[in-house]
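# Structural features, examined
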Amino acid sequence: MNKAESERLASLFQQLGYQPTLAAEEADLILLNSCVVRQSAENRVINKLSALKSLKKSRPSPTLAVTGCLVNSDAPGLRERFPHVDYFFKPGDYPQWLKEPGQLLRVLPERPQPSTFVPIIQGCDNFCSYCIVPYRRGRERSRPVAEIVGEAKELARRGVKEVVLLGQNVDSYGHDLPGKPDLSQLLYELNDIDSLARIRFLTNHPKDMSLRLIEAIASLDKVCEQLNLPVQSGDNEILKAMRRGYSVEHYHQLIRQIRSRIPEIALITDVIVGFPGESKEQFQATVNLLRELRFDNVHVAVYSPRQETTSAREYEDNIPPSVKKERLNIVEQLQEKIATEINAELLGKTVEVLVEGRKKGKWHGRSRSGKLVFFSENSELLGHMVKVKIAKTSPWSLQGKG
Ligand code: SF4
């Protein structure tokens, strides 16, 4: 979401007459788009802000602005801490000099990539006990279907082949709009755009994902066979403390339904290890779930208490860092083994790749299931759909011949 917003902010600045520069010393304006989902991300923003302090002493000094999740309702506190920053504004709450609030959503990236993010819903109403997002990004606000479809058509007209629909919880898309359209309805409309080739979306929520959506993915040719469905823990007590709103049994059933209707689906999940009070057995339950369900990819993070959240207020962060690290390693090693086996099944198969760029003499792009594919080919292929035969696999990517 931050990446998408940064792209749109960059375009907005270009419309206002600014040119991009890679050197901070050359900039008239520096805007930091911050993430504080974990303490380490917050530390990075704070360090960057401190490093920029000396630039403010230069003449003429650049305007310094900060947005993103660091900016909470306590902007006066931030101003006191960082007096060298000229503007603080919450995500989506842009000051007058950056046009009206909400305007950013309607700004298209200046040079869209073959695959481009399209935010469809902002904020989150879920209040999972560990998560800071609802406090910083506010309640859910969906963009109207017509606005999103119009934007996707314009992007397709500019050569974009794939749209990735974004939301903290795409399954609650539309509940706040007249007529309550849902994500599946949006997918049906986007699927009708002729020059668009692929549609993806993230992130889903196991509590809210509907059978209608599974049906839409199964029946729409442009919707790719890939789902991000965070489970977070394989233990019901921990899930309850996390306030996730579903049980391990429900999650298993959902995966069964998805796999029986869309056998070729690639599944990605998120896991938090070291949540307050997570026992050895509870962690083992998560490992067992991962072993049983065999995901294509797992994003694993250690629990990090975020101020303001319920879990930080109510539970002691009582799992030692060394244990958290050990659990993280266990999940990573298991997942590496599983991904090695899953990807090895693609050896010798031909996959369709949307070419997104070139690195070290090799083209790269993603298959429909979201696998990163590298291959060599002399002709100009950026933005093309090519068939690639897979000659080598690893847990992280595939190598092939064009
Ligand atoms: S659904 Fe996602 S964004 Fe919303 S509170 Fe839970 S973890 Fe945070």
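Everything quoted here is computed from the prediction, not taken from an experiment.

### What about helix H2 (residues 39-51)?
Under the 1.5 Å per step criterion, the end-to-end length of H2 is 18 Å for 13 residues, consistent within 8% with the ideal 18 Å. Taken as a whole, H2 has its buried residues at Ala41, Glu42, Val45, Ile46 and Leu49. An end-on view of H2 places all buried positions within 140° of arc, on one side of the element. Residues of H2 that are exposed and point more than 90 degrees away from the buried face comprise Arg44, Asn47 and Ala51.

### Describing helix H6 (residues 145-157)
For H6, with 13 residues, the first-to-last C-alpha span of 18 Å sits near the 18 Å given by 1.5 Å per residue. Taken together, the buried positions of H6 are occupied by Val145, Ile148, Val149, Glu151, Ala152, Leu155 and Ala156. End-on, the buried residues of H6 take up no more than an arc of 160°, which puts them together on one face. Across H6 from its buried face, at more than 90 degrees, point the exposed residues Ala146 and Arg157. Against helix H1 (2-15), strand S4 (115-119), strand S7 (162-166) and helix H7 (183-191) lie the buried residues of H6. Backbone geometry just after H6 places Gly159 at a positive phi near 105°.

### Let's talk about unusual backbone geometry
Going from Leu202 to Thr203, the amide bond is cis rather than trans, its omega being 5°. As for its position among the elements, Thr203 is in the loop between strand S8 (198-202) and helix H8 (211-219). Here the phi dihedral of Arg243 falls at roughly 60°; this positive angle occurs in a residue that is not glycine. Here Arg243 shows up in the loop between helix H9 (236-241) and helix H10 (248-261). Of note in this structure, Lys360 is not a glycine but carries a positive phi near 45°. Turning to its location among the elements, Lys360 is positioned in the loop between strand S12 (350-359) and strand S13 (362-366).

### Considering the pairing of strand S2 (residues 63-68)
Of all six residues in S2, five are buried; the element is thus mostly enclosed. Pairing analysis gives six bridges linking strand S1 (residues 29-34) to S2, with the strands arranged parallel. Bridge pairing in S2 places Asn33 opposite Thr67. Looking at chain direction, S2 and strand S3 (residues 87-88) are connected through two bridges and run parallel. For Ala65, the partnering residue across the bridge sits in S3 and is Tyr87.

### A short note on the site of the ligand
In the vicinity of the ligand, the contacting residues are Cys124, Asn126, Phe127, Cys128, Tyr130, Cys131, Val133, Pro134, Gln168, His205 and Arg244. Each residue belonging to the shell around the ligand can be placed in one class, and the counts come to seven nonpolar, three polar and one charged.

### A short note on the pattern of salt bridges
Overall, the coordinates contain 22 salt bridges when judged by the stated rule. A salt bridge links Arg200 to Glu162, with the nearest nitrogen and oxygen atoms 3.3 Å apart. Linking Arg200 in strand S8 with Glu162 in strand S7, this pair joins segments that are 38 residues apart in sequence. Each member of the pair Arg200 and Glu162 is classed as buried. Where salt bridges share partners, they join Arg8, Arg143, Glu147 and Glu151 into one cluster.

### With respect to the environment of Lys389
Of note, Lys389 is situated in strand S15 (residues 385-393). Separated by 383 residues in sequence, Lys389 and Ser6 place their C-alpha atoms 35 Å apart. Not counting residues within four places of it along the chain, the set of residues in contact with Lys389 comprises Gly348, Lys349, Thr350, Gln399, Gly400 and Lys401.

Parameters at a glance
Residues numbered from 1 in each chain as written. Predicted model: local features only at pLDDT ≥ 70, side-chain atom pairs only at ≥ 80, totals over all residues. Heavy atoms only, no water. Helix = DSSP H or I, 4+ residues; strand = E, 2+ residues; numbered from the N terminus. Expected span 1.5 Å × (residues − 1). Buried < 20%, exposed > 50% of the residue type's maximum accessible area, 1.4 Å probe, protein only. Arc of directions from axis to C-beta. Contact = heavy atoms within 4.5 Å. Pairing = 2+ DSSP bridges. Near = heavy atom within 4 Å. Nonpolar A, V, L, I, M, F, W, Y, C, P; charged D, E, K, R; others polar. Salt bridge = Lys/Arg side-chain N within 4 Å of Asp/Glu carboxyl O.

The values reported here are purely geometric and, on their own, carry no functional implication.
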